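Letter by letter, the chains look like this.
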Amino acid sequence: MNILIIGGGISGISAAKVALGEKQDVTILESTPEPGGLMARIANCRVGFKTFFDEIRDNKRLTVVSDVKIAKAAKEGNGFVITLSDGRVLTAGRVIIAAGLTPYDPVEYKGKRVLTSLEYDAVIDQRQGELPADFNKIGFFLCVGSRSKDYPLCSSVCCSYTLREVKWTLQRAKPEIAVFYNDLRFFGQEFYMEKAFRDTGVRFVRANSRYFEEDEEGVAVRYYTGGQLKEERFNYAVLAIGLRPNPQLAELSRMFGFSLNEYGFVNEKSPLQTDVEGVYVSGGALEPMNIKDSILTGFGAGLLSVKGPEVPAKAEGQDERLYREEEPEFVLSDGDATTCLFYLGTEDPGNGIFYEFVSSKFIEAARNLKKAGKTVYVLTRNMVTPSYGEVAYEEARREGVVFVHLEEDEAVAFDGNQVRIAREGRELTFNADKVIRFDDYAELFKDREYLSLYRSEPQIRWSPTKWGRKKYHIGFIRHPREKRWEGREVLGALGEILLDKEEERILPEVNEERCSGCGSCKDACPHSAIEMLIREKQLAIFGPVTSSGVPIAHVKEDTCVGCGLCASTCPSDVIAFSGKPPAP
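Residues numbered from 1 in each chain as written. Predicted model: local features only at pLDDT ≥ 70, side-chain atom pairs only at ≥ 80, totals over all residues. Heavy atoms only, no water.

J.: What is the right way to look at the overall build of the chain in this model?
T.: When its secondary structure is counted, the chain shows 16 helices and 32 strands. Computed over its C-alpha atoms, the radius of gyration of the chain comes to 26 Å, within 12% of the 25 Å expected for a compact globule of 584 residues. Based on the C-alpha atoms only, the size of the chain along its principal axes is roughly 85 × 70 × 60 Å. The burial tally for the chain puts 55% of its 584 residues in the buried class. Across the chain, the fraction of contacts at a sequence separation of at least 24, relative to all contacts at a separation of at least 6, is 69%. (Helix = DSSP H or I, 4+ residues; strand = E, 2+ residues; numbered from the N terminus. Rg over C-alpha atoms; globule rule 2.2 N^0.38 Å. Buried < 20%, exposed > 50% of the residue type's maximum accessible area, 1.4 Å probe, protein only. Contact = heavy atoms within 4.5 Å.)

Right, here's the structure in full:
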């Protein structure tokens, strides 16, 4: 069976990996001259994509057709006949729509010193040589082309991408940096990155009224904060542009017969399935999402294309490697309260991982209370409602829930049911019958092994559900967020399990007698696959024989990928490969 994947970005390549691993023929159609999509346009992600694609590039079952578009598609029997723009005709038993996202083009703002985030990425690309001579003060501006009247969704990745551009900037220079935001919608460990950058002097400003005026020497920016209209000059202004549905989806929808939602993305009949039999969907064709979720949904769509839509039901409850923990019950008893106040904020970056989950729960509860006739306030340090979550947020405002967004210099004090907000020039006091605070609920979620918190960005990107080879996290324990993601994560995990089955690993062996227990291998391992165990060892010191506990390196088979970094790092040369894969 030939599987046709429309889109050669990271999600389409991920789907192809799963299908090829199951010995299926795969054709990837890419409308541009080269596969890669948005990921290949980012300097610090380009090599990662190439490495990932190189793993399947020479597979004899893979055909990549670039720089073409589909002219016509028809359903014939149990498959499809596709005519390309160059006249070629293809047949496919299954189709995966992985057409990706399209960056917003802010033509009303752009200039030589007002750059989009992708344009700025090219400036700081180390391959470009020296940075501009006047690289002294940089302003980053979030939510350009998203969360607006013409496109109400949050683009999900712009805050994270800006955080990385700050990191890449500071790796090459030490300019003054300011980040202007509405909310900071980070993922997993990124809240620790935010704190680290704040501690090093990066300034964050919560302001959404902006005006740019460019001249030969820089950019004047006007914004409203602290009750005042302010003006500040930067050498460069970087616009974190939103991501919108690929315009090709409308034409693909017409040709293949699947439907789109009101925002222009593919409708899911069930996780990763369109409303046309045999046509699946992944990545940015579903909604704005990050690289790790694009890979996750690619794995899932690839699985569906070879195993069929019945596979998740068969696997649930039978495959012990699928690991989930139920989310804590969100109980809110308002009693006789007529005024309720929610406080969405935390000073603990370790609690930041829960922002998305708690934001959605607070909005849901606030809307229900408002419908019951209550007065409802939501005070926010940060509201994390990515993608479609922004719709519920906007609906809550229209229904009469009052949102008060705290600026950076505003302090919040709680005295029983009285809440006071204060800064120079403004003081607000709320008297509520019931006060619900973020940290009170966050305490319920702690002490769990969340994949997004305990795995680094590279680990969770390329292995989006894997805790170890015997444990794949799905649902709340992968990353606390809206329940609709769990079905996708089940499919992604099953696809990842298939890939792991195909890979033959050769594990390192440690000569325990010679191991000094220095821990160099443990520190070097990018997968946390080495632990130090204490072994009893007999010692003879001036006569009597005694014993002592000594540290010995131990390889965790379920986590090790056999990369060999430990062996090359060991100063005592006591780690070697036997050439035999581990027992299944």
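J.: Looking at this structure, how should I read the state of the cysteines?
T.: Working definition: the covalent bond between the sulfur atoms of two cysteines is a disulfide. A complete count under the given rule lists zero disulfides for this structure. With no disulfide partner, Cys521 has as its closest neighbouring cysteine sulfur the one in Cys515, 6.3 Å distant. (Disulfide = S-S within 2.5 Å.)

J.: I keep staring at the pairing of strand 14 (residues 219–225) and nothing clicks. Help me out?
T.: Most of strand 14 sits inside the fold, with five of its seven residues counted as buried. Counting the residues between successive antiparallel strands, the hairpin from strand 13 (residues 210–214) to strand 14 contains four residues. Where strand 14 hands over to strand 15 (residues 228–234), the hairpin turn is made up of two residues, of which Gly226 adopts a positive phi near 60°. (Pairing = 2+ DSSP bridges.)

J.: Would you explain the sheet that holds strand 26 (residues 434–437) in this entry?
T.: Paired through backbone hydrogen bonds, the strands of a sheet run either parallel or antiparallel to each other. Read from one edge of the open sheet, four strands run 22-21-20-26, paired in parallel fashion. Only two strands of the sheet have a single neighbouring strand rather than two, namely strand 22 (402–405) and strand 26. In this sheet, neighbouring strand axes are inclined to one another by 15° on average, regardless of whether the strands run parallel or antiparallel. Against the sheet, helix 11 (residues 438–445) touches strand 20 (339–344) and strand 26, its axis set at about 50° to strand 26. (Axes fitted to C-alpha atoms, helices over the stretch in contact; angles between N-to-C directions.)

J.: Honestly, the environment of Pro33 in this entry has me stumped. Any pointers?
T.: Of note, Pro33 is situated in the loop between strand 2 (25–30) and helix 2 (43–57). Taking relative accessible area as the criterion, Pro33 reaches 55% and is therefore assigned exposed. The spatial distance from the C-alpha of Pro33 to the C-alpha of Gln418 is 61 Å, given a sequence separation of 385 residues.

J.: Explanation requested: the side chain of Gln459 in the structure shown.
T.: Looking at the secondary structure, you find Gln459 in helix 13 (residues 457–462). Overall, the relative accessible area of 11% leaves Gln459 in the buried class. Leaving out residues up to four positions away in the same chain, Gln459 has contacts with Pro526, His527 and Ser528.

J.: Which parts of the structure should I look at to understand the pattern of salt bridges?
T.: Side chains that differ in charge, positive against negative, can pair when their charged atoms come close. Scanning all chains against the criterion turns up 59 salt bridges. Across the pair Glu408 and Arg198 runs a salt bridge, and its minimum N-O distance is 2.9 Å. In this pair, Glu408 is assigned in the loop between strand 22 and strand 23 (411–415) and Arg198 in helix 5 (residues 190–199), connecting sequence segments 210 residues apart. A residue is classified by how much of its surface remains accessible, and Arg198, at 29% relative accessible area, is partly exposed. The partner of Glu482 in a salt bridge is Arg484, and the shortest N-O contact between them spans 3.3 Å. Salt bridges sharing common partners tie together Arg147, Asp183, Arg185, Arg206 and Glu390. (Salt bridge = Lys/Arg side-chain N within 4 Å of Asp/Glu carboxyl O.)

J.: Can you walk me through the nonpolar core in this structure?
T.: The tendency in soluble globular proteins is for nonpolar side chains to be buried side by side. Grouped together as the largest cluster of nonpolar side chains are 148 residues, with contacts concentrated most on Ile97 and Phe256. Filtering out sequence-adjacent residues up to four positions away, Ile97 remains in contact with Ile6, Leu249, Leu252, Phe258, Val279, Tyr280, Val281, Ser282 and Ala285. Counting 15 residues, the second-largest nonpolar core is a separate cluster that includes Cys515, Ala529, Ala567 and Cys570. (Core = buried A, V, L, I, M, F, W, Y, C linked by side-chain atoms within 4.5 Å.)

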